[in-house]
Protein chains: 4
Amino acid sequence: MSNTKDIILACARDQYLTDGYKGLSMRKIAEKAGISATAIYRHFNNKEELFHRLVKKGFGTYTQYLIPALDEPTAELRFKKTMANALNFILEQPKYFELIFVKSETKDELVNFDDLRIDSKISFDFYTARITECISEGYLKDDNPSEISVLLLAAYTGFFALYTSGLLPRSKADIEALYWRTIDRILNGVVA
Amino acid sequence: MSNTKDIILACARDQYLTDGYKGLSMRKIAEKAGISATAIYRHFNNKEELFHRLVKKGFGTYTQYLIPALDEPTAELRFKKTMANALNFILEQPKYFELIFVKSETKDELVNFDDLRIDSKISFDFYTARITECISEGYLKDDNPSEISVLLLAAYTGFFALYTSGLLPRSKADIEALYWRTIDRILNGVVA
Amino acid sequence: MSNTKDIILACARDQYLTDGYKGLSMRKIAEKAGISATAIYRHFNNKEELFHRLVKKGFGTYTQYLIPALDEPTAELRFKKTMANALNFILEQPKYFELIFVKSETKDELVNFDDLRIDSKISFDFYTARITECISEGYLKDDNPSEISVLLLAAYTGFFALYTSGLLPRSKADIEALYWRTIDRILNGVVA
Amino acid sequence: MSNTKDIILACARDQYLTDGYKGLSMRKIAEKAGISATAIYRHFNNKEELFHRLVKKGFGTYTQYLIPALDEPTAELRFKKTMANALNFILEQPKYFELIFVKSETKDELVNFDDLRIDSKISFDFYTARITECISEGYLKDDNPSEISVLLLAAYTGFFALYTSGLLPRSKADIEALYWRTIDRILNGVVA
DNA sequence: TATGAATGAGTATTCATTCAT
DNA sequence: GATGAATGAATACTCATTCAT
């Protein structure tokens, strides 16, 4: 429960959240943390490892956004709350979202990928579990639950990619409304 | 129509396509182009501008993938061909896709954003036009065409983001099949 | 007779023997010794002193290679056994040899040089003693024993310098044979 | 015939000659050369290459010391002049000698070793040629010329190793006289 | 148009060492 | 005796950019 380690991670996250990957340098992290650059190496072997831990923390944060949905009484409500929580994660932690879902620029750093895949699977499985119970409850068509997870996650991540790219130049409120209409279209189809 | 300018852009693109943004350096571009690093500055004021032009070219390439869909005889076929072409773009030009759709890492470079938004709008409008005529033809429900474009683009970009992140660990063939099933679910809905 | 002190020295030696002077760092020594880097400073004031002790130990080891030659019955045999033992030291402890005979790179560290010179003199005197008794016994010409020591040591160290530099690209077996032919030429001269 | 390149090499040599390998840093070389550290990389790809060129220059310098011996009229005189010139090289360029003959600390850097071996072979062959003609002329016993080269080079390099190690604590003049007596003993043997 | 030389700020990382505990 | 945390200086090297030619 080293405090400095957490501070470093927090600063690294903050720096990544504002400056992106390009701006993530040991020096700047250290400066933000109020320690020397070399002190970081007492806590992390190298930048790669530090970033890896950061991504792990990202997945952890995401999961913590999703889990409260389990408090809802029915499968349908749990599903909808999950989508709502996911939206909140996008809106409140946009760079964290990017870190864990987009991160194509930084894939090289993720050497120990199996390790992270497990983390990512947790959130993916959370979706699948929600969908499975929605099918059981008769709210969703009988279909392959994990593929529906893919559909929802794809729409979800794509939505964000478009949004942060500036290709969906709307206000937060508009985005929220559009998000729900989009979910609705997915649920009910667009074909006549 | 300076030849060297085009060569530089082509080399920058190649380098970006293989090494990602981190590997995009003036020096390496120059080396690939067989000129000196400083010679680049005859053609582009700085790296920012060069990258900007690169993104522009990315949009152009994407558009060129879409356009052949217009040869199809009916609105529905033109729509489906558009989705097929978009898939091909993903599979054949993954880094280009990333460059123009994901690129959150590089947003800083996009100073002249209005300029690029026009380019991006072209492809977005292409979708919208296809959807509009599908609605006219009665193939799709009467709905807001641009919002359906958003849905499709979101699913499309999200699909790719998941894929290149390694979060959809499937073969190209599997991805293609899954893509089509996903499109199908969007078209027909998943609610019972 | 602190145990940790000896362990540190042993680890420093091992590290030097494998990685050379460049690889001799307090951190790595500590890691090898299973203690913290700072713990070394309980036993040695600084790296300089530690290295100094290491060189001392090198001379000790060298002496231990030579001494068994005293078991031989005649001066000539003791002399020849000494040369044989010296060869073994080269072949079995190349880096140790380098440490104590070449070590020009590290002369700065040898602050307390008088101290080491005494150690080195012991082995030098061992040669001289062998030669003196060979002259007494009539095996060697009447000559200045210490200068003949210089000749033999020079040939000996030079032989090794050439060998480890890769300038004598031969196998161990070839080197051994060449060494003896070289000793022979020294003993008997090359002039017609 | 870039001037800066030569200046850099000269400064690197000077720095090596005074500070040894440990003190050979790009920064210090640059400082000595009056340029920025990075400017070095315009002329050498990296430290390894720079050092490699330095060693090459060392061999060249050594060869230039030896060659004038060819002006002597007889094989015996050419041989003796060669030994004299070699001594001068030791006395005048001690660190250069060390650089090219001892350099065990830096062998790792010599990746392109074949390249350097050719250079070193030139000087070795020079010895062998002198000895071969001495045998022809009847001055030296009929023997293997290259092995006698080894003997002489070994004695020569060993002599220096002992000298620079401080194990031969004599003045330059004494060293010179001792050197010649040593050569003499090699030529005529020490056995009674 | 193009080049070669140079720069200064930046990169990650290693090092010997100190200090409070 | 020993540790963990931290430091400041050093390391080799890369970068985008400028300038004189």
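Keep in mind it's a predicted model, so treat the numbers as computed, not measured.

Undergrad: Let's hear about the overall build of chain A: which residues, and what values?
TA: Within chain A, the secondary structure is distributed over nine helices and zero strands. From first element to last, N terminus to C terminus, chain A shows the α and β order α-α-α-α-α-α-α-α-α. Dimensions along the principal axes, computed over C-alpha positions, put chain A at roughly 60 × 35 × 30 Å. Here chain A holds 192 residues, and the buried ones make up 53% of them. Put simply, 65% of the contacts in chain A that link residues at least 6 apart link residues at least 24 apart. Surface summary for chain A: the accessible area is close to 8200 Å², and the carbon and sulfur share equals 52%. When the 25 basic and 26 acidic side-chain charges of chain A are each reduced to a single mean position, those positions are 5 Å apart.

Undergrad: Give me the lowdown on helix 2 (residues 26-33) of chain A, citing residues and values where you can.
TA: All names here are of chain A. Listing the buried residues of helix 2 in full gives Met26, Ile29, Ala30 and Ala33. Along the axis of helix 2, the buried residues cluster in a sector spanning 100 degrees; they form a single face. More than 90 degrees from the buried face of helix 2, the exposed residues found are Arg27 and Glu31. The elements touched by buried residues of helix 2 are helix 1 (3-19), helix 3 (40-43) and helix 4 (47-66).

Undergrad: Any chance you could break down the protein's contact with DNA strand F for me, citing the residues and the numbers?
TA: DNA strand F sits among 32 residues. The nearest are A:Ser36, A:His43, B:Thr38, D:Arg27 and D:Thr38. Taken together, the sugar and phosphate atoms account for 45% of what DNA strand F places within 4 Å of the protein. Between a phosphate oxygen of DNA strand F and a main-chain N or O atom of B:Leu24, the distance comes to 3.5 Å. Between C:Arg42 and DNA strand F, the recorded distance is 3.0 Å, taken from a side-chain N or O atom to a base nitrogen. Among the elements of the structure, helix 3 of chain A, helix 2 (26-33) of chain B, helix 3 (40-43) of chain C together with helix 2 (26-33) of chain D are those that each provide at least two residues to the surface near DNA strand F. Looking at side-chain class alone, the surface near DNA strand F contains 10 nonpolar, 14 polar and eight charged residues.

Undergrad: Help me get a handle on the relation of the copies chain D and chain C, residues and values and all.
TA: By a simple turn and slide, chain D fits onto chain C: the slide is 0.1 Å along the axis, the RMSD is 0.4 Å, and the turn is 179 degrees. On this basis, the relationship between the two copies can be described by a two-fold rotation axis. An overlap of 98% is found between the interface residues of chain D and their copies at the interface of chain C, pointing to a shared contact surface.

Undergrad: With reference to specific residues and values, describe the packing of aromatic side chains.
TA: Residues and elements named next belong to chain A. Under the definition given, this model contains 39 aromatic pairs over all chains. Here the aromatic residues Tyr62, Tyr65, Phe89, Phe97, Tyr156 and Phe160 are joined through ring pairs into a cluster of three or more. Its end group placed over the ring of phenylalanine 126, arginine 130 keeps NZ or CZ at 4.6 Å from the ring centre.

Undergrad: Describe the relation of the copies chain B and chain A, with residues and values.
TA: Under the fitted operation, chain B is carried onto chain A by 0.0 Å of movement along the axis and a turn of 179 degrees, and the coordinates agree to an RMSD of 0.4 Å. Of the interface residues in chain B, 100% have counterparts in chain A that sit at the interface too, so the contact is made through matching surfaces.

Undergrad: Which residues make up the nonpolar core, and what are the values?
TA: Most often, soluble globular proteins keep nonpolar side chains buried together rather than apart. C:Tyr62, C:Tyr156, D:Tyr62 and D:Tyr156 are the most contacted members of the largest nonpolar core, which has 129 residues in total. Counting 127 residues, the second-largest nonpolar core is a separate cluster that includes A:Leu91, A:Leu151, A:Leu178 and B:Leu152.

Undergrad: Got a sec to walk through the UniProt feature "DNA-binding region" (unreviewed entry) in chain A? Specific residues and values, please.
TA: Under the local residue numbering, the UniProt record ascribes the feature "DNA-binding region" (unreviewed entry) to residues 25-44 of chain A. Across residues 25-44 of chain A one finds 60% helix and 0% strand; the C-alpha atoms that close the span lie 13 Å apart.

Undergrad: Just give me the short version of the interface of chain B and chain A, but keep the residues and values in it.
TA: Residue-level contacts link 54 residues of chain B with 55 residues of chain A. Both faces combined, the contact of chain B with chain A buries some 4900 Å², and carbon together with sulfur accounts for 57% of it. Our count for the chain B to chain A interface comes out at seven salt bridges. Taken together, the connections running from chain B to chain A amount to 20 residue pairs in polar contact (both at pLDDT 80 or more). At the level of secondary structure, the elements contributing two or more residues to the side of chain B that touches chain A comprise helix 6 (94-102), helix 7 (113-137), helix 8 (145-164) and helix 9 (172-188) of chain B.

Undergrad: Pulling in residues and values, what's your account of the protein's contact with DNA strand E?
TA: As a matter of local geometry, DNA strand E sits amid 32 residues, with A:Arg27, A:Thr38, C:Thr38, D:Ser36 and D:His43 nearest to it. Contacts to DNA strand E include B:Thr38, whose side-chain N or O atom sits 3.1 Å from a base oxygen. Elements with a contribution of two residues or more to the surface near DNA strand E: helix 2 of chain A, helix 3 (40-43) of chain B, helix 2 (26-33) of chain C together with helix 3 (40-43) of chain D. Residues of the surface near DNA strand E, tallied by class, amount to 10 nonpolar, 14 polar and eight charged.

Undergrad: Explain the domain arrangement of chain A to me, using residue names and the numbers behind them.
TA: Size of an interface, as often reported, equals the accessible area lost when the parts are brought together. Residue and element names in this part refer to chain A. Under the domain assignment, chain A is made up of domain 1 (1-44) and domain 2 (46-188). Measuring from the centre of the C-alpha atoms in domain 1 to the corresponding centre in domain 2 gives 26 Å. Of the residues lining the interface, 17 residues belong to domain 1; the matching set on domain 2 comes to 14 residues. Here domain 1 packs against domain 2, burying approximately 1500 Å² in sum over the two surfaces, 72% of which is carbon and sulfur. When the buried area of domain 1 at its contact with domain 2 is split by residue, Tyr16, Tyr21 and Phe44 rank highest and sum to 42% of it.

Undergrad: I'd like to hear about the side chain of D:Arg130, residue by residue, with values.
TA: Along the polypeptide, D:Arg130 turns up in helix 7 (residues 113-136). Not counting chain neighbours up to four residues away, the residues in contact with D:Arg130 comprise D:Leu70, D:Arg78, D:Phe79 and D:Thr82.

Undergrad: Before we move on, could you go through the packing of helix 8 (residues 145-164) of chain C against helix 9 (residues 172-188) of chain D and cite the residues and values that matter?
TA: Put simply, helix 8 of chain C and helix 9 of chain D touch, their axes get as near as 10 Å, and they point 75 degrees apart. For the element pair helix 8 of chain C / helix 9 of chain D, the angle class is roughly perpendicular. In this structure, helix 8 of chain C contributes C:Glu147, C:Ile148, C:Val150 and C:Leu151 to the contact, and helix 9 of chain D contributes D:Leu178, D:Arg181, D:Thr182, D:Arg185 and D:Ile186. Of the residues assigned to the contact of helix 8 of chain C with helix 9 of chain D, the class counts are five nonpolar, one polar and three charged.

Undergrad: Hey, could you go over the environment of A:Leu178 for me, with residue numbers and the actual values?
TA: Turning to its location among the elements, A:Leu178 is positioned in helix 9 (residues 172-188). Remark: the alpha-carbon pair of A:Leu178 and A:Phe159, spanning 19 residues in sequence, is separated by 9.8 Å. Setting aside chain neighbours within four positions, we find A:Leu178 in contact with A:Phe159, A:Arg170, B:Glu147 and B:Val150.

Rules of the game
- Residues numbered from 1 in each chain as written.
- Chains lettered and ligands numbered in written order.
- Predicted model: local features only at pLDDT ≥ 70, side-chain atom pairs only at ≥ 80, totals over all residues.
- Heavy atoms only, no water.
- Helix = DSSP H or I, 4+ residues; strand = E, 2+ residues; numbered from the N terminus.
- Buried < 20%, exposed > 50% of the residue type's maximum accessible area, 1.4 Å probe, protein only.
- Contact = heavy atoms within 4.5 Å.
- Areas by Shrake-Rupley, 256 points an atom, 1.4 Å probe, with all protein chains shown as cover.
- Lys, Arg positive; Asp, Glu negative; His and termini not counted.
- Charge placed at Lys NZ, Arg CZ, Asp CG, Glu CD.
- Arc of directions from axis to C-beta.
- Near = heavy atom within 4 Å.
- Polar contact = N/O pair within 3.5 Å; in protein donor to acceptor, adjacent residues only side chain to side chain.
- Nonpolar A, V, L, I, M, F, W, Y, C, P; charged D, E, K, R; others polar.
- Least-squares fit on C-alpha atoms with pLDDT ≥ 70 in both.
- Phe/Tyr/Trp six-rings, centres within 6.5 Å; stacked < 30°, edge-to-face > 60°.
- Lys NZ or Arg CZ within 6 Å of the ring centre and 35° of its normal.
- Core = buried A, V, L, I, M, F, W, Y, C linked by side-chain atoms within 4.5 Å.
- UniProt positions renumbered as here; feature names shortened; annotations may be inferred.
- Buried area = accessible area lost by both parts, 1.4 Å probe.
- Salt bridge = Lys/Arg side-chain N within 4 Å of Asp/Glu carboxyl O.
- Domains from an automatic or database assignment.
- Axes fitted to C-alpha atoms, helices over the stretch in contact; angles between N-to-C directions.
- Parallel < 35°, antiparallel > 145°, perpendicular 65-115°, else oblique.

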